[in-house]
Amino acid sequence: MPKILIVDDSETVRDQLKETLEKSGYQVIEGADGIKGHIALMQNTDTELILCDVNMPNMNGISMCEKIFKDSSIAKKPPVVMLTTEADPELKKKGKLCGVVAWITKPYIEEKLLLAVTKILSMNKK
Amino acid sequence: MDDVFLMVKDTSVSRFKTHMKIDEIQVSIPANCDANVIRSFHTVIILISGDDIKMTFKSHFDSELAGYLCAKALKKESVSWDKAIDFMKEYSNVVAGKIKKFFMDQEVIVGLSLPIVTRGFDEIFFEPPETGNVLIDNWILSIESNHLYCTCIAEILNKNRIQSIKYPLEKQATDESDGEVSFL
Amino acid sequence: MSFDINKDLQASHNLIALLEKAKNFSEITIDSLPIVFTVINQDGLILRANECLAKIFKKNREKLLRENLSKIFEKETWNIFVNKFNKILEPGNTSVEFELDVLGGEGADSIKESYYWYVTPFGKFYSSEGHAYVVLGQNITKLRESEKQISEIFSSISLAILTINPDKLISPKYSIYAEHIFGSSEIGGQNYKNFIFSSGFNYLKKNSQEAIEKLDLIFGESELMFDAIKDNLPKQIIYKRKTLEGEEKLYLGINYQPIIYNGVIKRLLLIIEDRTSLVKAEEENKKIKIFDDRVVQRVVQIRSAKADMMDILIPEVDKLIIKANDSIQKNNWKNFAGVLHSIKGNSRVVGLITMAELSHQAEEKLLFNIEAGIDDFTSSKESFIAIENEWNEIKILYKTFREKSSEPTEGISKNEKNNLEEIQVLFEQYNASIVSGQTVKTAVLSEKINVKLQKINDIELSTIRPLLLERVEQTASKLSKNIITEFECADIKVNKELMDLISDVTLHLINNSIGHGIESVEKRLQKGKTAEGKIKISIKEYRDMLELSVSDDGSGIDINKIKNKIVKKNMVKLDEALTLSEDKLLKYIFSPGFSTAEQVDDIKGRGIGLDTVASRVNDFEGTIDIKTQEGQGAAFIIKIPCANKKNVLRKLFSLKSIKANLVEMLQLMEKEDNLEVNYSYLQADISRDMGVVFVDRAKILLSLINYIVAIEEKFKNVIVSWGGVDAGLISVNIKHEGKKETPGNSKSELKYAIPMEVSDQYICNHGGNVATSDHQTTIFFGFCLDKHVFPKITYSCDEEISDSEKEDLHHFMLQIKDEFDIEIEFAKDSRGGASDDTSILFVKNKDSSSGDLKYENSGFKNTCLFTDNMLEMKKNILDVLQKIICIS
């Protein structure tokens with residue numbers, strides 16, 4: 001079962017995501033903000049995908065991606081999918097520079113999200 | 001300004017449907033619909049603020065309603081109070097998010113605050129607006145006997161700018177940008 | 001750009017999250033407070049409510065928005081609430097506190113609970129909701145209940161309990177009884193000094209008044225301030241209570257208790273009780289006593305006055321009284337003084353001392369006033385009223401006595417009449433002997449008078465009858481038995497102790513009889529007895545002895561039961577028990593802890609009764625016997641000597657004890673090195689302590705003993721010897737070394753050193769002598785110690801005396817002979833016989849058929865009359881004996 005890390009400060013969002021992903025057979029680990037997300041990643045080196053929000057306390061999503069990108073202790077850097085209300089192109093550019101492969105606007109549509117996940121995972125395997 | 005309020009109302013409705021995963025809701029107008037009074041036990045407040053306009057979106061509910069809506073959406077028997085509150089905060093968030101998008105599309109720059117939950121009672125600490133630039137709108141979103149009270153308070157700083165905002169019919173109830181996946 | 005905004009937002013993110021948490025916590029705290037916390041608008045609509053209020057409403061607290069607070073109150077109560085609430089709206093008020101009840105339920109379920117409310121504006125916020133007000137409510141139901149309980153206890157105590165606050169006012173929380181004591185319901189808020197102490201302030205002693213004044217100062221001070229004045233605070237005060245008729249004087253007892261907080265007196269607690277009835281009872285007692293004393297004085301004085309003198313005096317004094325009143329009317333005070341003088345003189349002559357005193361005082365005062373020119377004669381008038389009253393009382397009393405003495409059968413018993421007459425006679429003799437200096441006689445007579453006066457207080461024995469009969473009735477009905485009582489009692493008087501003994505013993509025996517002796521009606525009929533049991537109580541007097549008998553016709557005393565009991569209780573071994581005679585066995589009934597009754601109840605006695613009875617009878621030197629016949633009944637017979645007379649004689653005749661005193665004292669002196677005491681004679685003479693010493697000589701002897709002790713320090717040697725064989729002689733030989741005084745001086749020294757009775761003059765008058773030399777003083781003291789005091793006594797009696805009476809007489813005379821070691825002889829011939837003073841003739845009836853005064857020339861100097869009354873006769877014998885002794 002592929003492991004997906006979801007990082008969002010809203011418990012509701014995490015719950016909903018978790019439900020959606022687990023239903024589709026994915027294993028889910030969580031982080032409530034950027035820092036926690038980073039730690040979770042370090043603890044779960046077999047993470048295959050990161051789904052994260054931008055606006056979070058302590059460390060936002062973009063900063064977290066930057067950190068992960070620069071972190072040499074993490075060998076395998078999984079692809080990041082931003083799940084956010086933000087749609088700023090500048091932001092998107094920044095994200096792309098540190099590993100963000102896709103950008104999904106909140107609220108997400110379940111099918112679209114799952115499709116995207118599958119696509120990215122399969123892409124990665126190659 | 002009517003267009004703006006309409007837009008807000010619509011947003012609250014559409015987001016309600018997606019967030020709560022409910023299809024049919026009723027919209028009604030409460031008594032003293034342009035006053036800022038205590039509507040319910042809890043209130044979630046979120047601010048959408050910029051140079052041209054300062055807007056507050058509030059949703060009022062009691063613990064029972066929050067629990068009901070959250071459990072329904074998550075398909076659970078019952079949920080903890082914290083989860084239910086968080087759920088309602090998230091609702092405010094998504095509503096506010098869409099409102100922001102709307103404004104941004106209109107080139108009115110605004111920023112979002114964090115949603116905070118507080119007691120309905122705290123309305124007491126808000127002084128009634130003196131200037132004529134503040135407009136208040138109230139409505140109720142109901143599913144049968146469950147009522148969610150919504151308030152929108154808008155302080156117009158740049159009349160011209162705001163008055164020029166139009167909320168055409170085409171734009172109404174469009175959520176096509178929802179869930180849009182763009183690969184970078 | 002939005003990114004930058006986000007950075008700023010992020011900076012305050014944590015802060016906002018923290019505040020949200022903190023605020024939530026505060027909200028939860030307020031919600032869960034144990035008091036009602038609610039915020040309402042000016043219309044009474046609830047804007048927020050906490051859990052406490054929700055409970056009262058029985059609704060979810062989240063649903064209370066815009067509920068009307070009035071719903072938890074009754075309509076009238078809510079109106080009060082609104083009134084109080086409106087007071088806040090008035091300027092100058094910031095909050096309002098009040099107590100109001102709340103409906104804790106609905107309809108039939110509703111319970112009223114007491115709440116204490118505090119309402120205050122909620123800050124200065126004015127929102128779309130208008131002004132808000134905080135309402136706090138504390139449930140004080142339990143508190144009020146406890147208060148009520150304490151208050152009830154308070155009210156039921158018949159004491160006024162008041163608290164004085166630091167503002168010197170009485171707290172409105174006082175015990176209800178206070179209103180009763182003070183006769184006012186407006187006690188709270190009064191100044192305590194004015195209210196409590198002012199009405200009786202003038203009656204207080206000066207230092208009490210000062211202490212009261214100082215009471216004000218103790219508030220706020222340490223306890224020491226109170227200690228300084230507490231001893232002077234009055235424990236009892238007078239309070240004038242206002243009633244419908246006017247004023248009532250009360251005596252109140254006060255207890256002061258300072259209440260101390262943090263080492264300082266905060267309040268004063270006063271506990272007050274109404275002592276009026278106690279004080280009044282005491283005063284009544286005093287009055288009665290004074291009255292009694294006065295009456296006795298009058299009686300004594302009247303009796304000591306000579307009858308014919310009184311007859312002359314009465315009309316004279318009556319005339320004087322009229323004259324006195326006349327003078328007063330005419331304001332002729334000099335005349336009045338003269339009259340007083342005459343009254344005084346007359347009274348003195350007859351011996352009416354009180355009259356004389358009153359007149360004398362009145363006269364003196366009056367003369368003083370006249371001389372000093374004081375014009376106020378009201379006190380003289382008052383004194384005269386007192387004199388007049390005294391005189392009237394005397395006249396009445398005198399008349400009564402006169403009537404009584406001339407009509408012997410009027411109202412009072414013979415005994416009483418005799419007593420009074422005897423006292424009169426004794427008084428005459430007493431006065432005469434004082435005048436003639438016959439101290440011995442005086443002493444004897446005074447002793448006798450005392451005894452007689454005591455006897456006046458003696459109680460008629462027959463008065464015991466109703467008490468005994470009632471007890472029989474009570475006990476019989478309690479035990480459902482039928483009893484008939486027969487009661488027979490001697491016509492005598494006894495003193496209180498004897499009376500008590502008789503009644504206690506008889507009551508106990510009655511209980512016994514009915515409880516143990518007399519069977520139930522059924523049993524009796526079965527046995528063929530009458531349904532009613534019979535109890536016979538008789539108290540007889542026989543030869544100095546009082547014989548009390550309580551007998552019944554019940555089942556008698558079961559001897560076997562006694563045997564069993566004493567064996568069971570290990571009082572006696574079985575084989576011994578079998579050999580004991582009935583009499584001996586019966587005696588065991590009187591052992592402590594003995595009871596043959598299975599049950600112990602308060603009617604039959606607890607098994608300790610009979611032994612107590614026996615020991616009490618023993619104390620009176622009496623005996624108790626039982627006669628019983630199984631199935632037929634039992635009788636308890638108690639014999640007690642009538643101690644009265646014996647006491648008199650014993651006082652006169654106990655040399656033994658005096659001698660014992662002397663020996664003891666001398667032994668003590670020997671122990672001290674200084675004195676050589678030779679009292680060998682005393683020791684040898686122990687056999688001679690049968691002797692007669694009269695009271696005053698006994699006094700002399702005892703004084704002598706005291707004297708010897710007193711001179712112990714002054715003089716070196718004291719030799720005491722007890723006289724020779726025939727003459728009772730005591731010689732006290734005092735060697736005083738180093739004192740080279742002339743005989744005369746040492747004599748005078750002696751005079752001063754020793755008590756008056758033992759002065760040489762006195763000693764000489766009584767057959768003693770004092771011889772002094774340089775080195776010693778010897779006192780010889782002769783006693784009428786032996787038979788010489790009693791000459792041989794001859795007695796006889798006339799024919800009218802029956803044989804049994806003669807027997808009695810002989811028996812009695814023999815007793816006297818034994819007791820006093822006197823020679824007594826019976827002369828058969830009543831006409832001849834001895835002619836000296838020591839002869840006694842017993843005559844039954846002076847006025848017999850053989851003509852009156854027939855024995856005048858019989859030669860017997862002393863005639864004893866007795867009229868069927870053995871007691872009287874014996875008294876007479878002893879009187880004669882006394883007379884005989886006194887003559888020598």
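Keep in mind it's a predicted model, so treat the numbers as computed, not measured.

Novice: Any details on the overall build of chain B? Residues and values, ideally.
Specialist: Helices and strands together make up the secondary structure of chain B, namely 4 helices and 8 strands. Listed by position from the N terminus, the elements making up chain B come as α-β-β-β-α-α-β-β-β-β-α-β. Looking at the 184 residues of chain B, the share that counts as buried comes to 59%. The long-range share in chain B, meaning contacts at least 24 apart out of those at least 6 apart in sequence, stands at 71%. Of the roughly 8,000 Å² that chain B leaves accessible, carbon and sulfur atoms contribute 50%.

Novice: So what's going on with the pairing of strand β1 (residues 36-41) of chain C? Residues and values would help.
Specialist: All names here are of chain C. Burial analysis of β1 places 6 of its 6 residues in the buried class, the great majority of the element. Along β1, one buried face is formed by V36, T38 and I40 and the opposite face, lined by F37, V39 and N41, is buried too. Of the pairings in the sheet, the one linking β1 to strand β5 (residues 130-139) comprises 6 bridges and is antiparallel in character. The partner of V39 across the bridge, within β5, is V134. Alignment of β1 against strand β2 (residues 46-49), held across 3 bridges, turns out to be antiparallel. Within the sheet, the bridge partner assigned to T38 lies in β2 and is A49.

Novice: Break down the interface of chain A and chain B for me, citing the residues and quoting the values.
Specialist: Each partner contributes residues to the interface: chain A has 24 residues there, and chain B has 18 residues. Surface buried jointly by chain A and chain B totals about 2,100 Å² across both partners, of which 55% is contributed by carbon and sulfur atoms. Looking only at chain A, the three residues that lose the most surface to chain B are A:T12, A:Q16 and A:P107, adding up to 24% of its buried area. Counting the contacts that link chain A with chain B gives 2 salt bridges. For A:E11, the salt bridge is made with B:K83, and the minimal N-O distance between the two is 3.1 Å. Those elements giving two or more residues to the side of chain A that touches chain B turn out to be α1 (11-23), α4 (89-97), β5 (100-105) and α5 (110-125) of chain A. At 6 residues, the largest contribution of residues to the side of chain A that touches chain B is made by β5(A). Each residue belonging to the side of chain A that touches chain B can be placed in one class, and the counts come to 11 nonpolar, 5 polar and 8 charged. For β5(A) and strand β8 (residues 181-183) of chain B, the ladder comprises 3 bridges, and the chain directions are antiparallel. Bridging across to β8(B), A:I104 finds its partner in B:V181.

Novice: How would you explain the interface of chain C and chain B if you had to name every residue and give the values?
Specialist: The partner chain B presents 31 residues to the 27 residues of chain C that form the contact. For the pairing of chain C and chain B, the buried interface totals around 2,300 Å² over both sides, and the portion due to carbon and sulfur atoms is 61%. For the interface between chain C and chain B, the tally reads 6 salt bridges. The interface formed by chain C and chain B contains 10 residue pairs in polar contact (both at pLDDT 80 or more). If you list the elements that add at least two residues to the side of chain C that touches chain B, you get α1 (2-31), β2 and β4 (112-127) of chain C. The biggest single contributor to the side of chain C that touches chain B is α1(C), with 11 residues. Here the residues of the side of chain C that touches chain B sort into 12 nonpolar, 5 polar and 10 charged.

Novice: I'd like a rundown of helix α22 (residues 609-619) of chain C, residues and numbers included.
Specialist: Residue and element names in this part refer to chain C. When we look at burial in α22, the residues that qualify are G609, L610, D611, V613, A614 and V617. Tucked inside the fold, the buried residues of α22 contact α17 (496-517), β15 (623-629) and β16 (633-641). With its phi angle positive at about 60°, E621 sits one or two positions after the end of α22.

Novice: I'd love a proper account of the packing of helix α1 (residues 2-20) of chain B against helix α3 (residues 81-105) of chain B, names of residues and values included.
Specialist: Residues and elements named next belong to chain B. As a packed pair, α1 and α3 sit with axes 9 Å apart at the nearest point and diverge in direction by 135°. If you check the angle between α1 and α3, you find them oblique. Considering only the axes of α1 and α3, their crossing is right-handed. Of α3, the residues touching α1 (which contributes V4, M7, V8, T11, S12, S14, R15, F16, H19 and M20) are F87, M88, E90, Y91, V94, V95, K98, I99, F102 and F103.

Novice: Break down the layout of surface pockets for me, citing the residues and quoting the values.
Specialist: Of the voids in this model, the largest pocket is the one considered here, and its volume is about 1,100 Å³. For the lining of the largest pocket, the elements supplying multiple residues, two or more each, are α1 of chain A, α3 and β5 (116-119) of chain B together with α1 of chain C. Top contributing element to the lining of the largest pocket by residue count: α1(C), with 11 residues. In terms of residue class, the lining of the largest pocket is made up of 15 nonpolar, 12 polar and 15 charged.

Novice: Explain the confidence of the model for chain C to me, using residue names and the numbers behind them.
Specialist: Residue and element names in this part refer to chain C. In the predicted model, chain C carries a mean pLDDT of 74, and the fraction of residues at 70 or more is 67%. The element-level mean pLDDT for chain C is lowest in helix α23 (residues 643-653), coming to 36, with β1 highest at 92. Within the model, the stretch residues 407-412 combines pLDDT values under 50 with 3 contacts to residues more than four positions away or in other chains. Within the model, pLDDT remains below 50 along residues 598-608, and this stretch shows 13 contacts once partners closer than five positions in the same chain are excluded.

Novice: Could you give me a rundown of a negative patch on the surface, with the residues and numbers involved?
Specialist: On the surface, a cluster of negative charge is contributed by C:D558, C:E582, C:D583 and C:E630. The topology assignment puts C:E630 in the loop between β15 and β16.

Novice: Lay out the sheet that holds β2(C) with the relevant residues and their values.
Specialist: Residue and element names in this part refer to chain C. Taken together, the 5 strands give an open sheet; going across it, the order is β2-β1-β5-β4-β3, and neighbouring strands pair in antiparallel fashion. Two strands close off the open sheet at either side, each with one partner strand: β2 and β3 (96-103). This sheet shows a mean twist of 30° between the axes of neighbouring strands, independent of strand direction. The pairing of β4 with β5 spans 9 bridges and is antiparallel. What sits directly across from V119, in β5, is V135. Lying on the sheet, helix α3 (residues 75-89) is in contact with β1, β3, β4 and β5; it crosses β3 at an angle near 160°.

Criteria and thresholds
Residues numbered from 1 in each chain as written. Chains lettered and ligands numbered in written order. Predicted model: local features only at pLDDT ≥ 70, side-chain atom pairs only at ≥ 80, totals over all residues. Heavy atoms only, no water. Helix = DSSP H or I, 4+ residues; strand = E, 2+ residues; numbered from the N terminus. Buried < 20%, exposed > 50% of the residue type's maximum accessible area, 1.4 Å probe, protein only. Contact = heavy atoms within 4.5 Å. Areas by Shrake-Rupley, 256 points an atom, 1.4 Å probe, with all protein chains shown as cover. Pairing = 2+ DSSP bridges. Buried area = accessible area lost by both parts, 1.4 Å probe. Salt bridge = Lys/Arg side-chain N within 4 Å of Asp/Glu carboxyl O. Nonpolar A, V, L, I, M, F, W, Y, C, P; charged D, E, K, R; others polar. Polar contact = N/O pair within 3.5 Å; in protein donor to acceptor, adjacent residues only side chain to side chain. Axes fitted to C-alpha atoms, helices over the stretch in contact; angles between N-to-C directions. Parallel < 35°, antiparallel > 145°, perpendicular 65-115°, else oblique. Left-handed = near helix turned anticlockwise from the far one by under 90°. 1 Å grid on protein atoms, 1.4 Å probe; cavity = no way out; pocket = protein on both sides within 12 Å on 5 of 7 lines; lining within 4 Å. Points joined across faces, edges and corners; volume = space filled by probe spheres on them. pLDDT = per-residue confidence, 0-100. Patch = residues over 30% accessible without salt bridge, like charges linked within 9 Å, V, L, I, M, F, W, Y side chains within 5 Å. Lys, Arg positive; Asp, Glu negative; His and termini not counted. Charge placed at Lys NZ, Arg CZ, Asp CG, Glu CD.

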